[in-house]
Amino acid sequence: MAVKKWMILPGVLALLLAALAVWYFMATKDKREVKKLVENVSSLVSKKSGDVPHAGVFKFTKVDDFFCPAVKLRVVQPDISANWSRDELKTNVALMQRMIDELSVNVTDIKVELSDGLAIFDFDARISGAAKKGRNDFADVYRCSGSAEKSEGKWKISSLTAEPIVKK
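Reading the values: rules and limits
- Residues numbered from 1 in each chain as written.
- Predicted model: local features only at pLDDT ≥ 70, side-chain atom pairs only at ≥ 80, totals over all residues.
- Heavy atoms only, no water.
- Helix = DSSP H or I, 4+ residues; strand = E, 2+ residues; numbered from the N terminus.
- Buried < 20%, exposed > 50% of the residue type's maximum accessible area, 1.4 Å probe, protein only.
- Contact = heavy atoms within 4.5 Å.
- Pairing = 2+ DSSP bridges.
- Core = buried A, V, L, I, M, F, W, Y, C linked by side-chain atoms within 4.5 Å.

1. Some remarks on the environment of Ala119
Inference 1: Relative to the elements of secondary structure, Ala119 occurs in strand 4 (residues 118-131).
Inference 2: Ala119 gets classed as buried once you look at its relative accessible area, which sits at 0%.
Inference 3: In this structure, the C-alpha to C-alpha distance between Ala119 and Val34, residues 85 residues apart in sequence, is 7.4 Å.
Inference 4: Ignoring anything within four residues of it in the chain, the contact list for Ala119 reads Val34, Val112, Glu113, Leu114, Gly146, Ser147, Ala148 and Trp155.

Given below as structure tokens:
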């Protein structure tokens with residue numbers, strides 16, 4: 001039985017569509033993982049009023065899952081620039097958690113671009129809460145950007161920059 005030439009074209013098209021579907025799934029899978037990473041970090045730093053102290057200890061064990069061994073952080077206002085190890089990051093997040101009564105970090109509009117094993121992301125973060133001393137409430141919106149690298153099969157944040165959308 002001879003194969004007709006017109007039968008080859010649908011087979012080639014089916015193979016091309018299957019290859020395109022696999023490529024698209026893999027690319028969107030990495031983007032979904034980076035978006036989830038950003039959401040997980042926002043949950044990590046959030047704190048509810050009345051949280052028991054040991055709840056924070058459990059959170060800090062997650063820093064290793066979400067961040068590279070060295071992390072570059074930059075906040076434009078107030079002016080903070082740091083190159084922290086994960087241990088330094090844990091210490092500073094723990095200090096911040098002790099200074100506040102509650103903190104809510106809501107992320108929106110997460111965009112991710114992938115290039116050469118590096119994920120570049122940006123998002124808006126609405127940060128609100130209250131300090132412990134004097135119950136000073138705060139609420140700010142930041143435009144954040146950063147990068148993540150794939151390490152041990154997981155995406156981990158290697159840099160993060162935050163700039164207020166409305167300057168004070």
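Let us keep going from here.
2. Section: the pairing of strand 4
Inference 1: Across 13 bridges, the pairing between strand 3 (residues 100-115) and strand 4 is antiparallel. Directly across from Val112, in strand 4, lies its bridge partner Phe121.
Inference 2: From the end of strand 3 to the start of strand 4, which pair antiparallel, there are two residues, and Asp116 there has a positive phi angle of about 50°.
Inference 3: Here 13 bridges tie strand 4 to strand 5 (residues 137-151), and the two strands are oriented antiparallel to one another. Counterpart to Ala119 in the pairing with strand 5 is Ala148.

3. Quick word on the nonpolar core
Inference 1: The biggest cluster of nonpolar side chains holds 31 residues, and the ones touching the most others in it are Leu37, Phe67, Leu89, Val107, Phe121 and Phe123.
Inference 2: The set of elements that each furnish at least two residues to this core consists of helix 1 (5-45), helix 3 (63-66), strand 1 (67-75), helix 4 (86-99), strand 3, strand 4, strand 5 and strand 6 (154-164).

These figures come from the coordinates and say nothing about function on their own.
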